[in-house]
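Notes for the structure review
Here are the chains, one letter per residue:
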Amino acid sequence: MAATKPVLRPQVSLRVVRADGGPESVVKMTRDTLTCGPQGDLPLVDDPFIMPVQARFFFSGGRLAMEDVGGANGVFARLRQERELPVGGELRLGRQRLVLEPIPAAAVGPGGAHIWGSADPGYRLRLVQILEGGIRGAAFPLKEGDNHLGREHGEITFPTDGFVSGRHALLHVKQDRLRVKDVGSSNGTFLRLTGPVFVENGDHFLIGRQLLRVEIQLAA
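Keep in mind that what you see is a predicted model, and the values were worked out from it rather than measured.

Now for the nonpolar core. Side chains of a nonpolar character, in soluble globular proteins, are inclined to be buried together. If you look at the biggest cluster of nonpolar residues, it comprises 23 residues, and the most contacted ones within it are C36, F57, L64, M66, F205, I207 and V214. In contact with L64, not counting residues within four places along its chain, are V12, M29, F57, F58, F59, V197, F198, V199, V214 and I216. By size, the runner-up hydrophobic cluster in this structure holds 19 residues, among which are L85, F140, V180 and L191.

Next up, the structure:
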């Protein structure tokens, strides 16, 4: 009986990206798993938004995967392509953290008006800002179809956030579902992980205020 061919694993490095252009730290993955956090293999320190061990990189067969093991403020993955954001899901861009919530259908009386007398605008979803400490901030209703988000242009704007691009993301609503697409922003659009994901070369992850880039070199 022929021997089973061993699975060749790629070489993996994690780079902490500095927004200020300062020196970046790099940690190579030398074991089956690598943890991130103040008490992890990759020590992300001086960040109150990160749990002692927040994230774990591991191999599933020959592929690299990653998961959030700390909860709390979570781990966010940068969008490479359009993705659906479920109700309860979270979005980060610039310094903004936003959660998607449903808007209950209004009670409608004769003639299609609200019981309070105003016409139903048709909003079914909204994004709500989550501020430091988990405090709820502004709420942004989303209309059916396209909703543009940016610093200067769109239905939702954050004019004082210099990390949000002028035109940053496109949010497309179809009934009670929302799809998110980055439109070429400088700093990216991130969705919170809800389970383990496979990781590709060049993927970026936000852990607290720390940005990680994964560098994968396939085995020869």
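Another point: the pairing of strand β12 (residues 145-150). Each regular strand shows side chains that alternate between the opposite faces of the sheet. The pairing of β12 with strand β14 (residues 169-174) spans five bridges and is classified as antiparallel. Along β14, the bridge assignment pairs G145 with V173. By the bridge criterion, two bridges tie β12 to strand β13 (residues 156-157) in an arrangement that is parallel. Counted as the bridge partner of L149 is I156 from β13.

With that settled, consider the sheet that holds strand β1 (residues 11-17). Pairing in this open sheet of ten strands is antiparallel, and the strands run β2-β1-β19-β18-β6-β16-β8-β9-β10-β11 from one edge to the other. Each having just a single partner strand, β2 (25-29) and β11 (136-142) make up the two edges of the open sheet. Direction aside, neighbouring strands of the sheet carry axes that sit 30 degrees apart on average. Where β1 meets β2, five bridges bridge the pair, whose relative direction is antiparallel. From the neighbouring strand, V12 faces β2, where its bridge partner is M29.

To continue, consider the pattern of salt bridges. On inspection of all chains with the given rule, the structure shows 16 salt bridges. Ionic pairing is found between E82 and R179, a salt bridge with its closest N-O pair at 3.4 Å. Of this pair, E82 sits in the loop between β6 (75-78) and β7 (83-85) while R179 sits in strand β15 (residues 177-182), placing them 97 residues apart in sequence. As a salt-bridge pair, R136 and E101 come within 2.6 Å of each other at their nearest N and O atoms. Taken as a pair, R136 in strand β11 and E101 in strand β9 (residues 96-102) lie far apart in primary sequence, 35 residues in all. The exposure class assigned to R136 is partly exposed, which follows from its relative accessible area of 47%. Within the structure, one salt-bridge network assembled from shared partners comprises R15, E24, R213 and E215.

Glancing now at the packing of aromatic side chains. Throughout the structure, instances matching the rule amount to two aromatic pairs. Look at F57 and F205: their rings are 6.0 Å apart centre to centre, the planes differ by 80 degrees, and that puts the pair in the edge-to-face class. Separated by 148 residues along the polypeptide, F57 in strand β4 (residues 55-60) and F205 in strand β18 (residues 204-207) bring together distant segments of the chain. Measuring from centroid to centroid gives 5.6 Å for F140 and F158, while their planes differ by 80 degrees, and the two rings are edge-to-face. Separated by 18 residues along the polypeptide, F140 in strand β11 and F158 in the loop between β13 and β14 bring together distant segments of the chain. The buried category is assigned to F140, whose relative accessible area is 17%. In this structure F158 comes out as buried when scored by relative accessible area, which is 5%. Its end group placed over the ring of F198, R63 keeps NZ or CZ at 3.9 Å from the ring centre.

Conventions adopted
Residues numbered from 1 in each chain as written. Predicted model: local features only at pLDDT ≥ 70, side-chain atom pairs only at ≥ 80, totals over all residues. Heavy atoms only, no water. Core = buried A, V, L, I, M, F, W, Y, C linked by side-chain atoms within 4.5 Å. Buried < 20%, exposed > 50% of the residue type's maximum accessible area, 1.4 Å probe, protein only. Contact = heavy atoms within 4.5 Å. Pairing = 2+ DSSP bridges. Helix = DSSP H or I, 4+ residues; strand = E, 2+ residues; numbered from the N terminus. Axes fitted to C-alpha atoms, helices over the stretch in contact; angles between N-to-C directions. Salt bridge = Lys/Arg side-chain N within 4 Å of Asp/Glu carboxyl O. Phe/Tyr/Trp six-rings, centres within 6.5 Å; stacked < 30°, edge-to-face > 60°. Lys NZ or Arg CZ within 6 Å of the ring centre and 35° of its normal.

None of the figures reported here should be taken as evidence of function without further support.
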